[in-house]
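Read off the chains here:
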Amino acid sequence: MVSLTTLYEITFGGAILAFIAQHTIKQLRTFIVIVTSALGVYIVWRLPSQATDISFRLGDFQILWGVNEYSQLFALLIAVLGFFTLIYSIDFMKERERLGYFYMNFLIVIGGMYGIVYSQDLISLFFFWEIMTWSSFMLVIYCCDDAQSIGLKYFVFSAIGAYAMLTAIVLIWANLETTSLSVLFENFTNLSSGLQITVIVLFIVGFGVKSAMMPFHVWAPDAYAISPTPFTALFSGALSKMGIWGLGIVLLKLAAQSGFYVWVQDIVAWIGAITALLATFYAIVQTDAKKLLAYSSIGQLGYIIVGLAIGTPLSIMSALFLAMLHGIFKAMLFMSAGAVFYRTGSTDMNEVTGLIRKMPWTFLTALFGIITVAGVPPLGGFAAKWMLYEATIQSGHYFLVIVLFAASTAAFLYLYRFIFSLFLGQEEKEYADIKEAPLTMTVPMVIMALFTLVVGVFPGIFINPIGNAMGYFGNYTFNWDVSSLLNEWGNHVDMMTVVMTIGAIFIIAAIFITIKNYRTTRYVTTKDIHTSGEIPTENENLTYAVDFYKPFERAIAPVLKRSIDKTYNLIAENLESAFDFLRYVYTGNGQTYALYVVLFLAVLMVFAELIFGIQL
């Protein structure tokens, strides 16, 4: 009999056993990790859709862990991505040090995320949230000493989000004397208007940090880029969805009940749209593939936030559809970048080029990934973005859809740069002996890539369970005829004609190019060029990827230079100066503190009449 108790015991127990195995019988470590993650997939799949598995008291607090369709949707994403990323890590992490530390924290992150989505009370939610944050912090700083400052930034922003959540929980307990989510939903409107908006804002800050919503996003690019790629795939694909999970509850279960919903809706929707647009601009100017994908992930999360904030059945469907799909395509894109790093030792797009013939399966994964991100048929991104645009227009947010469409159009620039720089550029002789990544890395990538095609043709795979999950929010029911896309093509997108046409175009183009250039095509390196009689040296980088979008970068420079990161750094510097000044006051010297006491008593005696109304 599967249960939440079993799920937690296996996941956290597996984390401890993996650490022990690393220091006793190393051969068992990988077996324990893979079996633990596989059992997690099985248990989550078999859990009943409506159940309260555990209920007990912890002091004055009622602890509730249970399952509903909404939590199950995210738990399946966590389980599947956890399984695939751990398989991917077998070869990627094989030669690394401290693997017991790595796998223990990896499984603890997964267990923490399970706990978050299955929590039915605020105490459990906060407890598992901190478990997830601490263990993910340990993985962000895993690689090297340079990661310490990046990890510190991640930790500081996580602490800001956690304290915001904790403050909201304290306010709820003080006024409603409950931490149960169901009781909170029923009685939220009994709070004063000021308390309602305060709790909503605090929760939006708390969940917004993890979903990299601007201006709380500054930790994400570096944290995604420097953490080990198997974890980055889970970090971006699943962990960021914990913020989305929470924002869905705040917007649709709390804000929807208050009179402030229209204001909250518009403000959060615009924050999401700006996040999508600015993150796209930052992605375009990156030269490191993982950093590019990190900003891309922030931008895609912005689309999801917009869909949740608009709050119509179609927009919620599009947001949750895109959330599930983002978990898949972003994981496989990070995996493809990781495969390139595994073989070349770099993800610098100015250095690594021309790998399409050397790593065809990795290229195929990257190609499917960018097509999905772009929202081009027949892959799943088309249905998700179509529904989002349609929902935005139907709700009357016309300027909002313009911003979203501009962000989506600009995204083609960084998508093309990613695929061209790593795979389609000139071949370099130092990569002549490069081989495809190992099967443990390519198989998970290719499976997920093919799944994006299946979802594109049969979106009911996602739409049906998402429609059930929307029932958790109350009156948000989804009907197939709410979208012209689905109304026209039924309960699956019958795009066979589209697929065959696109396939025929690619086949005809491939045959034409092959025949035409069979005898004339030659492969050149970056040094095989004419340079007006000058011979470039080996250290001169002349790849086409250098300064790829320089004119565009100059055009958007005024926008990019106004980084919120500079503001945070200025605040940190001022705080540091203030703390330095306090060191002169709090010296740690007992005699100095005694002098402070004497001076304080003297002040009281001088101003006793003014302060206490007595004359000494």
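Keep in mind that this is a model prediction, so the values were computed, not measured. (Residues numbered from 1 in each chain as written. Predicted model: local features only at pLDDT ≥ 70, side-chain atom pairs only at ≥ 80, totals over all residues. Heavy atoms only, no water.)

Q: Got a minute to help me understand a nonpolar patch on the surface in this structure?
A: Judged by side-chain polarity, Ile25, Leu28, Phe31, Val35 and Leu39 come together as a nonpolar surface patch covering roughly 420 Å² of accessible area. With a relative accessible area of 44%, Ile25 lands in the partly exposed category. (Patch = residues over 30% accessible without salt bridge, like charges linked within 9 Å, V, L, I, M, F, W, Y side chains within 5 Å. Areas by Shrake-Rupley, 256 points an atom, 1.4 Å probe, with all protein chains shown as cover. Salt bridge = Lys/Arg side-chain N within 4 Å of Asp/Glu carboxyl O. Buried < 20%, exposed > 50% of the residue type's maximum accessible area, 1.4 Å probe, protein only.)

Q: Is there a simple way to think about helix 2 (residues 26-46) in this case?
A: Helical geometry: 3.6 residues make up each α-helical turn, so side chains three or four residues apart lie on a common side. Taking 1.5 Å per residue, 21 residues should reach 30 Å; helix 2 reaches 31 Å between its end C-alpha atoms and fits that length. Taken together, the buried positions of helix 2 are Arg29, Ile32, Val33, Ile34, Thr36, Ser37, Gly40, Ile43 and Val44. Those residues of helix 2 hidden inside the fold are in contact with helix 1 (4-22), helix 3 (69-92) and helix 4 (99-118). (Helix = DSSP H or I, 4+ residues; strand = E, 2+ residues; numbered from the N terminus. Expected span 1.5 Å × (residues − 1). Contact = heavy atoms within 4.5 Å.)

Q: Would you take a moment to explain helix 10 (residues 229-254) for this structure?
A: For helix 10, with 26 residues, the first-to-last C-alpha span of 36 Å sits near the 38 Å given by 1.5 Å per residue. Along its length, helix 10 reaches its greatest deviation from straightness, about 40°, at Phe235. Where burial is concerned, most of helix 10 is hidden: 26 out of the 26 residues are buried. (Bend = angle between axes of the 7 residues up to and from the residue.)

Q: What exactly am I supposed to notice about the nonpolar core here?
A: Counting residues in each nonpolar core, the largest one holds 197 residues, and the members touching the most others are Tyr118, Phe203, Trp219, Phe321 and Phe418. When residues in this core are grouped by element, the largest group, 20 residues, is from helix 13 (residues 313-344). Taken domain by domain, this core gets at least three of its residues from each of domain 1 (1-255) and domain 2 (260-528 + 542-564). Those residues within four positions of Trp219 in sequence are excluded, and the remaining contacts are Lys153, Tyr154, Phe157, Val209, Lys210, Ala212, Tyr224 and Phe235. (Core = buried A, V, L, I, M, F, W, Y, C linked by side-chain atoms within 4.5 Å. Domains from an automatic or database assignment.)

Q: Looking at this model, I keep getting lost on the packing of aromatic side chains. Mind explaining?
A: What characterises a pair of aromatic rings is the spacing of the ring centres plus the angle enclosed by the ring planes. By the definition in use, this model includes 38 aromatic pairs. The interplanar angle of 35° and the centroid separation of 5.4 Å between the aromatic rings of Tyr8 and Phe128 together place this pair among those described as tilted. Note that Tyr8 is positioned in helix 1 and Phe128 in helix 5 (residues 122-140), a separation of 120 residues in sequence. What makes Tyr8 buried here is its relative accessible area of 7%. Taking the relative accessible area as the measure of exposure, Phe128 reaches 4% and is therefore buried. Note on Phe83 and Phe84: the rings are 5.9 Å apart at their centroids and 45° apart in plane angle, and the pair reads as tilted. Classification of Phe83 by relative accessible area gives partly exposed; the value is 23%. (Phe/Tyr/Trp six-rings, centres within 6.5 Å; stacked < 30°, edge-to-face > 60°.)

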